[in-house]
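# Structural characterization, general
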Amino acid sequence: MTDRRILVTAALPYANGQIHIGHMVEYIQTDIWVRFQKLRGNRTVFVCADDTHGTAIMIRARDEGRTEEEVIAEMAQAHVRDFEAFDIEFDNYGSTNSPENRELCGAIWKSIREASLVIEKDIEQLFDPEAGLFLADRFVRGTCPNPECNAPNQPGDNCSRCGKTYSPAELIDPKSTLSGATPEVRTARHLFIELKQLHSFLDEWSQSGMHLQSEVANNLRGQFLGDPNSAEGAKELRDWDISRPAPYFGFEIPDSPGNYWYVWFDAPIGYMASTKQWCDRTGEKFDDWWKSDNTEIHHFIGKDITYFHTLFWPGMLKTAGFSLPEKVHIHGFLKVDGEKMSKSQGTFVMASTYLKHLEPDCLRYFYASKLGPGLGDIDLNLEEFVNRVNSHLVGNIVNLASRSAKFVSGGTLCEKYPDDGGLFAAAAAKADQIAELYEQCDFSAAMLEVLQLADEANRFINDRAPWTLRKDPEKAEEVRQICSIVLNLFRQLTVFLKPVLPTLAEQSSALLNSPITNWNDVKTPLVGTPVSDFKHMMQRITNEQVEAMIDDSRVDDAAEDDSDDSDSPWKDGPEALAAEPLSEECTIDDFVKVDLRVARVIAAKDVPEANKLLNLTLSLGGGETRNVFAGIKAAYKPEDLLGRLVICVANLKPRQMKFGLSEGMICAAGPGKADVFLLGVDDGAVPGQRIH
RNA sequence: GGUGGGGUAGCUCAGUUGGUGAGAGCGGCGGAUUCAUAACCCGCAGGUCGGGGGUUCAAAUCCCCCCCCCACCA
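Thresholds, definitions, all that
Residue positions are given per chain, counted from 1 along the sequence in the order it is written. Here every chain gets a letter starting at A, and every ligand a number starting at 1, in the order they are written. pLDDT decides what is reported in this predicted model: residues at 70 or higher carry local features, side-chain atom pairs at 80 or more are listed and counted, and totals for whole chains, interfaces and linings draw on all residues regardless. Note that the side-chain values use all heavy atoms of the structure and ignore hydrogens as well as water. Geometry is summarised by axes, namely lines fitted to C-alpha atoms with helices restricted to the contacting stretch, and by angles between N-to-C directions that run from 0 to 180 degrees. Secondary structure follows DSSP: runs of H or I at least 4 residues long count as helices, runs of E at least 2 residues long count as strands, and numbering of each begins at the N terminus. We call two directions roughly parallel when the angle between them is under 35 degrees, roughly antiparallel when it is over 145, roughly perpendicular when it lies between 65 and 115, and oblique otherwise. By definition in these notes, contact holds between two residues if any of their heavy atoms fall within 4.5 Å. Amino acids are sorted into nonpolar (Ala, Val, Leu, Ile, Met, Phe, Trp, Tyr, Cys and Pro), charged (Asp, Glu, Lys and Arg) and polar (every other residue, Gly among them). Classification of residues uses two cut-offs on accessible area relative to the type maximum, computed with a 1.4 Å probe and protein chains only: under 20% is buried, over 50% is exposed, and between them is partly exposed. We call a set of buried residues a nonpolar core when its members are Ala, Val, Leu, Ile, Met, Phe, Trp, Tyr or Cys and they connect through side-chain atoms within 4.5 Å of each other. Residue ranges labeled as domains rest on an automatic or database domain assignment. Proximity is defined per residue: any heavy atom of the residue falling within 4 Å of a molecule or strand makes that residue near it. In the analysis that follows, any N or O atom pair within 3.5 Å is treated as a polar contact, provided that within protein one partner can donate a hydrogen and the other can accept it, and provided that, for residues neighboring in sequence, both atoms belong to side chains.

## Examining the packing of helix α4 (residues 99-114) against helix α9 (residues 306-320)
At a closest axis distance of 8 Å, the pairing of α4 and α9 adopts a crossing angle of 80 degrees. On the basis of the axis angle, α4 is roughly perpendicular to α9. Side by side, α4 and α9 meet where Ile 108, Ser 111 and Ile 112 of the first sit next to Met 316, Thr 319 and Ala 320 of the second. Among the residues forming the contact of α4 with α9, the class breakdown is four nonpolar, two polar and no charged.

This is the structure we're talking about:
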């Protein structure tokens, strides 16, 4: 046991959606770091929670006719299930909607009040009179106010065609995306934190070089803080609006009835609340973890939420007298095959979908082999994923056990570790270096080191060829010595890899009947212990499995994969044709009058007062859009359409409908109701291309 | 538009403070081997280090300009 006491957090997943493989980058990265620290003997606690508050949850609950509590309870269950399946080992998984969090929010708020950091200001905001709530920018759409643009159906903060930024109140003919109503401007009193009072503290903390990656510190200086020593001088930090008027799903501010803490105020406090729950359960003292110089606090987050964790959060902690983060570790996003994850391409893979097709350790290893200390995005190149897992893990590391264990299965390792030419000692001597790489979150470099050790071990067994010696009964002891060496080298590797591959470490422990409990297990060879029967520890993965996962993700709610029990794949009956006989012959000239185009669904929302309609915004690329009402409500959920490519009639005469102007139609097959099947297009097509 | 970060072999990426002939893994090609999940071992990569200019005895590595990609902009 060392002296270090470490509290680790991963960002709180929002309770409005399932965990996907992009989220998993962070949870796997953090879990590896935590397992590493625990293996080193450092007292380490890993807490997380669901982030549950805010408008999105409130609206979702309203749409689904449930309470917010029901929505978040269901999602918490799904999150926990996915995390467990990926071997993410939280010491406590809480919720921001907990009594502990409410209490801590109140205490921190009190400190901020007492420090005279809170001011009140009236602000004007659009209000949806039908839905009865104030609208965040993203819930308003209207015509771009730029007279040279006037693009219709633009979001409330900036125009997707001309790029102009504006306030939602400036939009021409604004509409609420919640109800379709025309919002009105209303004034409400908001509470703000005067962050500028903390400017010098934030300069010092963020620029010290101790707590943030240099890119992050530079970014904060350039974008928010400025440099007091430069010609431009320091920048003024704006006041942070931390209240929202009712109705809002969250905690009501005790000394400001009718106002609620903005979700980003209570979310990071959720780290503390989750710790509190853990403390109450284990008898630990909360202050030992959040008010002690002897505890290091490490946050792991994605680069998108840098600003909340590196300005507001330290400011809140400082003001309320809690420990500041020792380090905020920030990582980049996941791309798949070099591109953003995409639902239409099937690369938006949910954690649960991944688990239906592949083992969690494969992804854990792959991410580890790609993650460095920086905040660049990492790429899940699917071909590389298969190759790397098979070649590194199965062919190289696991293979060591596979090619040596069976010669000694049922027997024991040598009572005295034989002369191996210094291999074991050399690997043991790498322990500190590899530990430092883990410590710095440079997992890819650590994996490289381990791989090199595996190469050396493979060379060793190749040179000594126990399979040849084995044919000579007089060399049995020599064979046993060689295998004792190789199995010990294998065990070393599994110790080094235990943070990444806990399952492999278990299997290694079982094979050699000796648990791996500490990083220093790499330093002492096992002698005289029994060797169990060898069992395969890991299967090679195939392109087919990966393709199946992608296919499964492309249409994630249709087509159960266990329904193909027929002999012939084609059993097409005459019913469809009979129901809708062929039309009379037409000429090519007739056909080309209809301008069919590939289009991308860039917005999709329900039309609540219509039985069948969804309101889609289609992009033909380059800012050209079509507003379309499609009778597919029974067959598709709006969120499942977002981003996918469809075929639309782009030159259809616009038609005024009760709910708005329909400027085209999308092509689909099927009799109707739930049996509607949108036309798609093979990979490679892009919006705007004509169908010939 | 502003701020920050990137553009290095087919692919994914390393390249400390400028200095031995620019590297690794994967893929590919050739050979060897057969203990091992067609695994392992040996050999093979002439890539304008995004483009141009500059500083220097010497630059992927420093400075300037341009192009492209990403994130953030409360």
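Having seen the model, we can carry on.
## Focus: unusual backbone geometry
Geometrically, the link from Ala 246 to Pro 247 is a cis peptide bond, its omega value of -5 degrees lying close to zero. Mapped onto the secondary structure, Pro 247 falls in the loop between β13 (243-245) and β14 (259-261). Positive phi values are uncommon outside glycine, yet Asp 173 reaches one of about 55 degrees. Looking at the secondary structure, you find Asp 173 in strand β8 (residues 172-176). The class for Asp 173 is partly exposed, based on a relative accessible area of 48%.

## A look at helix α2 (residues 55-64)
Burial in α2 covers these residues: Thr 55, Ala 56, Ile 57, Met 58, Ile 59 and Ala 61. If you follow the buried residues of α2, they end up packed against α3 (68-85) and β5 (133-134). Immediately downstream of α2, the backbone of Gly 65 shows phi near 65 degrees, a positive value.

## Brief notes about the nonpolar core
Residues Met 24, Phe 265, Trp 290, Tyr 367 and Phe 385 are the most contacted members of the largest nonpolar core, which totals 162 residues. No other element matches the 12 residues that helix α17 (residues 476-497) contributes to this core. Looking at which domains feed residues into this core, each of domain 1 (5-110 + 263-333) and domain 2 (360-523) gives three or more.

## A closer look at the protein's contact with RNA strand B
Neighbouring RNA strand B are 39 residues; Tyr 307, Lys 370, His 392, His 536 and Met 538 lie closest to it. Here Gly 395 contributes a backbone N or O atom positioned 3.0 Å from a sugar or linking oxygen of RNA strand B. Between a phosphate oxygen of RNA strand B and a side-chain N or O atom of Lys 406, the distance comes to 3.0 Å. Mapped onto the surface near RNA strand B, the elements with two or more residues apiece are α6 (214-225), α12 (382-402) and α15 (443-464). The dominant element in the surface near RNA strand B, judged by the number of residues it contributes, is α12, at 10 residues. Classifying every residue of the surface near RNA strand B gives nine nonpolar, 14 polar and 16 charged.

Function cannot be inferred from these measures alone, as they are strictly geometric.
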